[in-house]
Amino acid sequence: MAAYKRILLKLSGEALMGDDAYGINRATIVRMVKEVQEVTALGVQVAVVIGGGNIFRGVAGGSVGMDRATADYMGMLATVMNSLALADTMRQEGMTARVMSAISIDQVVEPYVRPKALQYLEEGKVVVFAGGTGNPFFTTDTAAALRGAEIGAEIMLKATKVDGVYTADPKKDPAATRYANITFDEALIKNLQVLDATAFALCRDQNLPLKVFSIFKPGALKRVVMGEDEGTLVHV
């Protein structure tokens, strides 16, 4: 029995690269989609927010000295590309996904409309939110916290390269230990970089718990959804 009925999954664009320097690694995206499929098979409603770092970092050299808002809009377009790739891979795996964008590109994806998103989730479709918040100066972490709160997700799952929040950087400090759970206030006091400040404040204020886990551990997403001891739970 799944511990949650509706989740918001935040994937970084970089996670799609696999071992490649940039872009989308086919084997990696298929494996991620299969992980999501395992969860939807449990009857869990899944919404996804994905970053654009795998595409935008590849052209980031050209953005040096660029106006911040312009660079952010480029990043938003990169998330649309990733969202389309994710939804198409889901289609190939027999799932139904809908991409909804915060920036208007009507010929490519439908606009984000909250009641429609809720309807899709109730119908068992995976909803992929593209285009960040639709505004510059906000990260996709903030977009994930915002959409999670809007759709009434019971938890936001941040898929990273590390299997949780640690007392120190586990790569630099072998004595670092993983927190099983920690409060938002404790994370703030200890200056643990869990999310960017805006996303962090939004999760805390809206009482949206956050689970940080590794997307590279096979079956980790399913274990998180089943309520097992996987990753780190950040709560009020």
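Criteria and cut-off values
Numbers given to residues run from 1 along each chain, matching the order in which its sequence is written. Local features in a predicted model are, by the rule used here, given only for residues with pLDDT of at least 70; side-chain atom pairs are given and counted only at 80 or more, and totals for whole chains, interfaces and linings are based on all residues. Just so you know, side-chain values use all the structure's heavy atoms and leave hydrogens and water out. We count a stretch as a helix when DSSP gives it H or I for four or more residues in a row; a strand needs E for two or more, and each element gets its number in order from the N terminus. The quantity called the radius of gyration is restricted to C-alpha atoms. Its globule counterpart is 2.2 Å times the number of residues to the power 0.38. Each residue is placed in one exposure class: buried if its accessible area under a 1.4 Å probe, protein chains only, is under 20% of its type's maximum, exposed if it is over 50%, and partly exposed if it falls in between. Contact definition: two residues touch when any of their heavy atoms are within 4.5 Å. The definition of a nonpolar core used throughout is a set of buried Ala, Val, Leu, Ile, Met, Phe, Trp, Tyr and Cys residues joined through side-chain atoms within 4.5 Å. Simply put, an axis is a line fit to the C-alpha atoms, just over the touching stretch for a helix, and the angle between two N-to-C directions goes from 0 to 180 degrees. Here is the rule for angles: anything less than 35 degrees is roughly parallel, anything more than 145 is roughly antiparallel, 65 through 115 is roughly perpendicular, and the remaining ranges are oblique. Throughout, a crossing is termed right-handed when the near helix is turned clockwise from the far one, and left-handed when it is turned anticlockwise from it by less than a right angle.

K.L.:
Explain the overall build of the protein to me, please; I cannot follow it from the model alone.
P.N.:
A count of helices and strands for the protein gives eight helices and nine strands. Against the 2.2 N^0.38 benchmark of 18 Å for 236 residues, the protein shows a C-alpha radius of gyration of 17 Å, consistent with a compact globule. Principal axes of the C-alpha set define a box for the protein whose edges measure 50 × 45 × 35 Å. Put simply, the protein has 236 residues, and 50% of those count as buried. Relative to all contacts within the protein whose residues are 6 or more apart in sequence, the contacts with residues 24 or more apart total 73%.

K.L.:
What's the story with the nonpolar core in this structure? I'm lost.
P.N.:
A general trend in soluble globular proteins is that nonpolar side chains are found buried together. I7, L9, L11, V126, L157 and F213 are the most contacted members of the largest nonpolar core, which totals 37 residues. Mapped by element, the contributors of at least two residues to this core are β1 (6–11), α1 (26–40), β2 (45–50), α3 (68–92), β3 (97–101), β5 (126–130), β6 (155–160) and α8 (220–225). Looking at this core, the element that brings in the most residues is α1, giving six residues. Filtering out sequence-adjacent residues up to four positions away, I7 remains in contact with V39, V44, Q45, V46, A47, A153, I155, L157 and V225.

K.L.:
Could you clarify how one ought to interpret the packing of helix α5 (residues 140–150) against helix α7 (residues 197–205) in this entry?
P.N.:
Angle between the axes and distance between the axes: these two values describe a pair of packed helices. One can describe the packing of α5 onto α7 by two numbers: an axis separation of 8 Å at closest approach and a directional angle of 15 degrees. The pairing of α5 with α7 is recorded here as roughly parallel in orientation. Here the hand of the crossing between α5 and α7 comes out left-handed. Residues D141, T142, A145 and L146 of α5 form the contact with α7, whose own contacting residues are T198, A199, L202 and C203.

K.L.:
Which parts of the structure should I look at to understand the environment of P218?
P.N.:
With respect to the element layout, P218 can be found in the loop between β8 (210–214) and α8. For the pair P218 and R31, spaced 187 residues apart in sequence, the C-alpha to C-alpha distance is 8.8 Å. With sequence-adjacent residues up to four places away left out, P218 is seen in contact with E35 and R223.

None of this, on its own, says anything about what the molecule does.
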